[in-house]
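Chain by chain, the residues run as shown.
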Amino acid sequence: MYKEKRNFARLALHAKANLHQGERTIEGEVENLSMKGVFVTVARKLELNDTVAVTIYHTLTPQVLCDLKAKVVRVTDQGMGLQFEKTLLD
């Protein structure tokens, strides 16, 4: 039986995201967001435990919703699960 490991509820959110790793930037689309992480669909995936800076943009304006450091904790065919170093409220 599967036991849910998440401590925070996920919110479906479709917004643009950029993942920055050194000089490389990967564009993606946010599928869902929680206080502690985000799932992003991307064409190019990173490795588990890679660290990135995640910038999420408001869908109607170029305004930044958040800009946080995160670690890749899950990789699927559709995208990647990223865990923030700090919560959205920190």
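Structure: above.
The paragraphs below set out a description of the structure included in this document. Note that the coordinates shown come from a computational prediction; the quantities given were computed from them, not determined experimentally.

## Focus on the overall build of the chain
Turning to step 1, where the next piece is worked out: Within the chain, the regular secondary structure consists of zero helices and six strands.
Turning to step 2, where the next piece is worked out: When the helices and strands of the chain are read in sequence order from the N terminus, they spell out β-β-β-β-β-β.
Turning to step 3, where the next piece is worked out: Out of the 90 residues in the chain, the part that is buried amounts to 33%.
Turning to step 4, where the next piece is worked out: Carbon and sulfur atoms form 51% of the exposed surface of the chain, whose accessible area is close to 6,200 Å².

## Some points on the environment of Ala17
Turning to step 1, where the next piece is worked out: Tracing the backbone through its elements, the reader meets Ala17 in strand 1 (residues 11-21).
Turning to step 2, where the next piece is worked out: With relative accessibility at 1%, the residue Ala17 sits in the buried group.
Turning to step 3, where the next piece is worked out: Separated by 23 residues in the primary sequence, Ala17 and Val40 place their C-alpha atoms 7.6 Å from one another.
Turning to step 4, where the next piece is worked out: In this structure Ala17 touches Ile26, Glu27, Gly28, Val30, Val40, Thr55 and Ile56, once residues within four positions along its chain are discounted.

## A closer look at the nonpolar core
Turning to step 1, where the next piece is worked out: Counting residues in hydrophobic clusters, the biggest one holds 20 residues, and the most contacted among them are Leu19, Val38, Val54, Ile56, Met80 and Leu82.
Turning to step 2, where the next piece is worked out: Elements supplying a minimum of two residues to this core: strand 1, strand 2 (24-33), strand 3 (37-42), strand 4 (51-57), strand 5 (64-75) and strand 6 (79-84).
Turning to step 3, where the next piece is worked out: Once you skip the residues sitting within four places of it in the chain, Val54 turns out to touch Asn18, Leu19, Cys66, Asp67, Leu68, Ala70 and Leu82.

The rules behind these values
Residues numbered from 1 in each chain as written. Predicted model: local features only at pLDDT ≥ 70, side-chain atom pairs only at ≥ 80, totals over all residues. Heavy atoms only, no water. Helix = DSSP H or I, 4+ residues; strand = E, 2+ residues; numbered from the N terminus. Buried < 20%, exposed > 50% of the residue type's maximum accessible area, 1.4 Å probe, protein only. Areas by Shrake-Rupley, 256 points an atom, 1.4 Å probe, with all protein chains shown as cover. Contact = heavy atoms within 4.5 Å. Core = buried A, V, L, I, M, F, W, Y, C linked by side-chain atoms within 4.5 Å.

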